[in-house]
Amino acid sequence: QDGKIKYQSVGYVVDRFTGDTTGGTGAVFGMYAVMGQPLDDTVGSKSLVFLQWLTSVLPEGMFPRSFSKKENIPSWWKDERMGAEK
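Residues numbered from 1 in each chain as written. Predicted model: local features only at pLDDT ≥ 70, side-chain atom pairs only at ≥ 80, totals over all residues. Heavy atoms only, no water.

Novice: Quick question: what am I supposed to make of the environment of Y32 here?
Specialist: Checked against the element boundaries, Y32 lands in helix α1 (residues 27–34). The exposure class of Y32 is partly exposed, given its relative accessible area of 32%. Ignoring anything within four residues of it in the chain, the contact list for Y32 reads Q37, P38 and L39. (Helix = DSSP H or I, 4+ residues; strand = E, 2+ residues; numbered from the N terminus. Buried < 20%, exposed > 50% of the residue type's maximum accessible area, 1.4 Å probe, protein only. Contact = heavy atoms within 4.5 Å.)

This is the structure:
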C-alpha cells in the first residue's frame, strides 16, 4: 500500500529441508536456542522487554528496531500494543 511494506516477519522457525531446528523460536532467540543458551521470548518477558527497550534508546541505526515507531504505523493498524507489551 503506497509502496510501503504492509507486514514483515523474520526468523522462521521451520526450514522446509531440515524441519524445526530451534525448538520453535525464531530470529535471535532461535540462534541462542541452537547455541544452548535459550532466551525467554514470551510476550511480556523481562528479557524481551529489556532488549526492545535497549534498541529504542541507543542511537538510531546502531541496531535494528524490534518494532516501528508510532508515527510510522499505518492508520489501518488498530492494535495499540508495541513490541513485547501484553
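So, next bit.
Novice: Got a minute to help me understand helix α2 (residues 46–57) in this structure?
Specialist: Along an α-helix, residues three or four apart share an orientation, since each turn contains 3.6 residues. Taking 1.5 Å per residue as the helical rise, α2 with its 12 residues ought to reach 16 Å, and the 17 Å between its terminal C-alpha atoms agrees with that figure. Buried within α2 are the following residues: L48, Q52 and T55. Buried residues in α2, looked at end-on, bunch into an arc of 65°, giving them a common side. (Expected span 1.5 Å × (residues − 1). Arc of directions from axis to C-beta.)

Novice: Help me out: how do you make sense of the packing of aromatic side chains in this one?
Specialist: Two measures describe an aromatic ring pair: the distance that separates the ring centres and the angle between the ring planes. A complete count under the given rule lists 2 aromatic pairs for this structure. Ring centres of F50 and W53 lie 6.0 Å apart, and the angle between their planes is 35°; on these two criteria the pair is classed as tilted. Taken together, the residues span about one helical turn, with F50 and W53 both in helix α2 at a distance of 3 residues. Taking the centre distance of 5.7 Å and the plane angle of 75° together, the rings of W76 and W77 count as edge-to-face. Residue class for W76 comes out partly exposed when judged on its relative accessible area of 30%. (Phe/Tyr/Trp six-rings, centres within 6.5 Å; stacked < 30°, edge-to-face > 60°.)

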